[in-house]
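Below are the chains, spelled out letter by letter.
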Amino acid sequence: DVSTPFTFTLATVNAPHLLAAAEHIRAQLARYGIEVTVDIYTTEAFHDDIIPNRSFDALLFGLGLETPSSLNVFWHSKHRKAFNITEYTNPTTDELLEKAHTEFDPVLRLSLYDEFDARISQDMPALMLYSQSVGVAVNKHFTTPMPSIVDVRHHQFARAHEWFRYGTQVWNGF
């Protein structure tokens, strides 16, 4: 029925960046006659009630991965009733995740994750809105170890104990 507007509820966590994004989505969709109600929850309620009980029309939340292998929890079909919120199932992506999880060669592991990413992008079980970039500046007097191919950006200082300055270890307490 053309007279009935399309409406849905967007559930999110009470975090400034998510509230700003939710408001932006609501305002943009309103321009096209789509009514969005934003429901705001505490982190605890969101993770303990809303997600497990699938009490939402749509979700807006951030996803921080400890390591690339954390992708298994969110996208492998064996986790459909837990954190695989979209209940996404694809035997090919399951196999890619399993192989990447056990692959020791970082170049091969990265290629498996790249193929997984291409499959997820093609199937689009969820809409990825944006990804934050983090830049790190290092003083030219420091020698830092090269990051591993699978280093995760929020672990950028996890190897600070390996930093050197003029051939002397900076943090000898570690």
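Each chain has its residues counted from 1, following the order in which its sequence is written. The predicted origin of the model limits local features to residues at a pLDDT of at least 70 and limits the giving and counting of side-chain atom pairs to 80 or more, whereas totals for whole chains, interfaces and linings rest on all residues. Side-chain numbers come from the whole structure's heavy atoms, not from hydrogens or water.

**Student:** What should I look at first to understand the sheet that holds strand S2 (residues 35-41) in this one?
**Tutor:** Strand-to-strand pairing in sheets goes through backbone hydrogen bonds, with the strands running parallel or antiparallel. DSSP calls a pair of strands paired once it identifies at least 2 bridges connecting them. Secondary structure follows DSSP: runs of H or I at least 4 residues long count as helices, runs of E at least 2 residues long count as strands, and numbering of each begins at the N terminus. Judged by pairing direction, the sheet is parallel, and its three strands sit side by side in the order S2-S1-S3 without closing on themselves. A single partner strand is all that each edge strand has here, and the edge strands are S2 and strand S3 (58-60). If you compare each strand with its neighbour and ignore which way they point, the axes differ by 30 degrees on average. When strand S1 (residues 7-13) meets S2, the two strands line up parallel, connected through seven bridges. Following the sheet pairing, Leu10 is matched in S2 by Val38. Contacts between residues were defined by any pair of non-hydrogen atoms, one from each residue, lying within 4.5 Å. Here the axes come from fitting lines to C-alpha atoms, over the contacting stretch only for helices, and the angles between their N-to-C directions go from 0 to 180 degrees. Along the sheet, helix H1 (residues 16-30) contacts S1, S2 and S3; its crossing angle with S1, the most-contacted strand, is approximately 165 degrees. Helix H2 (residues 43-50) rests against S1, S2 and S3 of the sheet, and its axis sits at about 120 degrees to S1.

**Student:** Whenever I open this one, the confidence of the model for the protein chain confuses me. Can you help?
**Tutor:** A low pLDDT score tells you not to read the predicted coordinates there in detail. A score between 0 and 100, pLDDT records how confident the predictor is in each residue. Per-residue confidence for the protein chain gives a mean pLDDT of 80, with 72% of residues at or over 70. When mean pLDDT is compared element by element in the protein chain, S2 scores highest at 96, while strand S6 (residues 168-169) scores lowest at 52. Confidence drops under pLDDT 50 across residues 148-154; counting only partners more than four residues distant or on other chains, this segment forms 16 contacts.

**Student:** Whenever I open this one, helix H5 (residues 106-123) confuses me. Can you help?
**Tutor:** An α-helical turn contains 3.6 residues, so any two residues separated by three or four positions project in the same direction. Here H5 contains 18 residues, and its C-alpha end-to-end distance of 25 Å stays within 8% of the 26 Å for a straight helix at 1.5 Å per residue. Only protein chains enter the accessibility calculation, which uses a 1.4 Å probe. A residue is then buried if its area is under 20% of the maximum for its type, exposed if over 50%, and partly exposed in between. Listed as buried for H5 are Arg109, Leu112, Tyr113, Phe116 and Ile120. Axial view of H5: buried residues confined to an arc of 95 degrees, hence all on one face. Pointing more than 90 degrees away from the buried face of H5 are the exposed residues Val107 and Gln122. For H5, the elements touching its buried residues are helix H3 (71-75) and helix H4 (91-102). Given a helix with a known number of residues, its expected span is that number minus one, times 1.5 Å. Arc, as used here, means the arc of the directions from the helix axis to the C-beta atoms.

**Student:** Would you take a moment to explain the nonpolar core for this structure?
**Tutor:** Here is a general trend for soluble globular proteins: nonpolar side chains tend to be buried in one another's company. Nonpolar cores are built from buried Ala, Val, Leu, Ile, Met, Phe, Trp, Tyr and Cys residues. Side-chain atoms within 4.5 Å join them into one set. Formed by 14 residues in total, the largest nonpolar core has its most connected members in Leu10, Leu18, Phe46 and Leu60. Looking at this core, the elements that each hand over two or more residues are S1, H1 and H2. Other than its neighbours up to four places away in sequence, Leu10 contacts Ala22, Ile25, Val36, Thr37, Val38, Asp39, Ala58, Leu59 and Leu60. With 11 residues, the next largest nonpolar core counts Tyr88, Leu112, Phe116 and Ile120 among its residues.

**Student:** I would appreciate a short explanation of unusual backbone geometry in the present structure.
**Tutor:** Note: most peptide bonds trans; most residues except glycine with negative phi. Phi is positive for Glu87, close to 60 degrees, though the residue is something other than glycine. Counting through the fold element by element, Glu87 comes out in the loop between H3 and H4.

**Student:** What should I look at first to understand the pattern of salt bridges in this one?
**Tutor:** Within this document, salt bridges are pairs made up of a side-chain nitrogen of Lys or Arg and a carboxyl oxygen of Asp or Glu, the two lying within 4 Å of each other. Applying the stated criterion across every chain, the model contains four salt bridges. Residues Arg26 and Glu23 are paired through a salt bridge, measuring 2.5 Å at the closest nitrogen-oxygen approach. Taken as a pair, Arg26 and Glu23 lie in helix H1 at a separation of three residues, close to a single helical turn. For Glu23, a relative accessible area of 39% corresponds to the partly exposed category. Two residues, Glu95 and Lys99, come together in a salt bridge whose shortest N-O distance is 3.1 Å. You can see Glu95 and its partner Lys99 sitting in helix H4, four residues apart, about one turn around the helix. By relative accessible area, which is 40% here, Glu95 ends up partly exposed.

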